Amino acid sequence: MTKVIGIRFKSVGKIYYFDPDGKELSLHDGVIVETARGTEYGEVAMTEKEIDESKFSIPIKKIIRVATDADRKTLEENKKKEEEAYNICMSKIRANKLEMNLIDVEYTFDRSKILFYFTADGRVDFRQLVKDLASVFRTRIELRQIGVRDEAKMRGGLGICGRPLCCSLFLGDFEPVSIKMAKEQSLSLNPTKISGTCGRLMCCLKYEQDAYEALIRETPNVGAIVETPSGRGTVVSTSLLKGLAQVRMDSGAENTISEFKVADLTVIKDSVRRNQDADIDLAALKELEG
């Protein structure tokens with residue numbers, strides 16, 4: 001076992017593990033560490049804990065130091081420089097007539113590199129742009145094309161629920177979201193109702209999926225023949241969250257439908273789950289995934 005702390009470099013970003021090197025650190029303490037991009041400023045997002053060394057594919061690096069007032073001043077200066085770099089890059093993009101949207105600019109803490117994040121519909125030949133930027137900033141330049149979900153995370157905004165976007169508020173990593181989740185949660189497959197501001201399926205579809213999958217396993221399909229406390233019948237509809245099923249009884253008056261708790265039913269012969277969206281172009285909806 002080895003002792004590690006979790007460091008986050010963005011307010012809502014992935015947590016990386018580092019060796020605390022015997023230093024006493026609290027949540028949100030600033031630290032200076034060495035990363036693949038160079039020296040970086042980060043904040044403690046997870047206090048010290050022990051983790052099995054076999055889970056790490058590469059050696060854990062030690063933190064360089066606890067951040068000082070001078071380090072925090074450097075961080076603030078970098079943020080101001082990023083605003084200037086953004087405006088300069090925008091002017092260069094217009095001068096080169098490039099079809100790209102600049103989203104964000106980021107200086108590494110030691111100013112050894114500037115990263116420009118952008119979106120574009122396809123591939124962009126930005127070689128001349130890199131040369132123009134390098135001649136202005138006299139440092140390493142990296143242009144990184146990102147997807148629409150990353151753009152939403154960086155820009156932020158409000159979701160259809162009226163709250164800040166989950167990706168910009170607390171989601172460290174994006175998880176796959178599929179049309180299958182929307183179908184199993186009985187949501188409308190109208191793209192405008194199940195898509196986020198990024199144009200992809202809403203991340204929140206993932207939150208309750210495990211619960212829905214468990215309920216689906218326990219609930220008989222529509223058309224299943226079941227034994228109820230009142231006799232045998234056929235399931236005509238179900239309510240997953242309430243744990244109820246409506247059953248057309250075989251005995252008694254014709255079309256008599258009674259409601260039972262799913263836990264009180266015994267499946268005699270199950271049926272195949274019906275595709276209630278056969279008339280919907282699911283292939284087109286697949287474009288919302290990702």
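Here the structure is shown first, and the text comes after it.
Predicted, not measured: the structure shown is a model, and the values here were computed from it.

K.L.:
Before we move on, can you summarise unusual backbone geometry with the specific residues and values?
P.N.:
The phi angle at Lys-97 is positive, at roughly 55°, despite the residue not being glycine. Backbone geometry places Arg-138, a non-glycine residue, at a positive phi of 55°. Structurally, Arg-138 is set in the loop between helix H2 (127-137) and strand E8 (140-145).

K.L.:
If you had to explain the sheet that holds strand E10 (residues 231-239) to someone new, which residues and values would you point to?
P.N.:
Strand pairing in a sheet is mediated by backbone hydrogen bonds. Such pairs are either parallel or antiparallel. Spatially, E12-E11-E10-E9-E13 is the arrangement adopted by the five strands of the open sheet, whose pairing is antiparallel. The strands lining the two open edges of the sheet, one partner per strand, are strand E12 (257-261) and strand E13 (266-269). Within this sheet the neighbouring strands show an average axis-to-axis angle of 45°, counted without direction. Sheet analysis places strand E9 (residues 225-228) next to E13, joined by three bridges and oriented antiparallel. Bridging across to E13, Ile-225 finds its partner in Lys-269.

K.L.:
Just give me the short version of the packing of aromatic side chains, but keep the residues and values in it.
P.N.:
Applying the stated rule across the entire model yields six aromatic pairs. Here the aromatic rings of Phe-118 and Phe-126 are separated by 5.7 Å at their centres, their planes lie at 80°, and the arrangement is edge-to-face. Residue classification places Phe-126 among the partly exposed positions, given a relative accessible area of 24%. Counting every residue linked through ring pairs, the aromatic cluster contains Phe-9, Tyr-16 and Phe-18. Cation over ring: Lys-153 sits above Phe-174, and NZ or CZ is 5.6 Å from the ring centre.

What counts, and where the lines are drawn
- Residues numbered from 1 in each chain as written.
- Predicted model: local features only at pLDDT ≥ 70, side-chain atom pairs only at ≥ 80, totals over all residues.
- Heavy atoms only, no water.
- Helix = DSSP H or I, 4+ residues; strand = E, 2+ residues; numbered from the N terminus.
- Pairing = 2+ DSSP bridges.
- Axes fitted to C-alpha atoms, helices over the stretch in contact; angles between N-to-C directions.
- Phe/Tyr/Trp six-rings, centres within 6.5 Å; stacked < 30°, edge-to-face > 60°.
- Buried < 20%, exposed > 50% of the residue type's maximum accessible area, 1.4 Å probe, protein only.
- Lys NZ or Arg CZ within 6 Å of the ring centre and 35° of its normal.

Geometric values such as these leave the question of function open.
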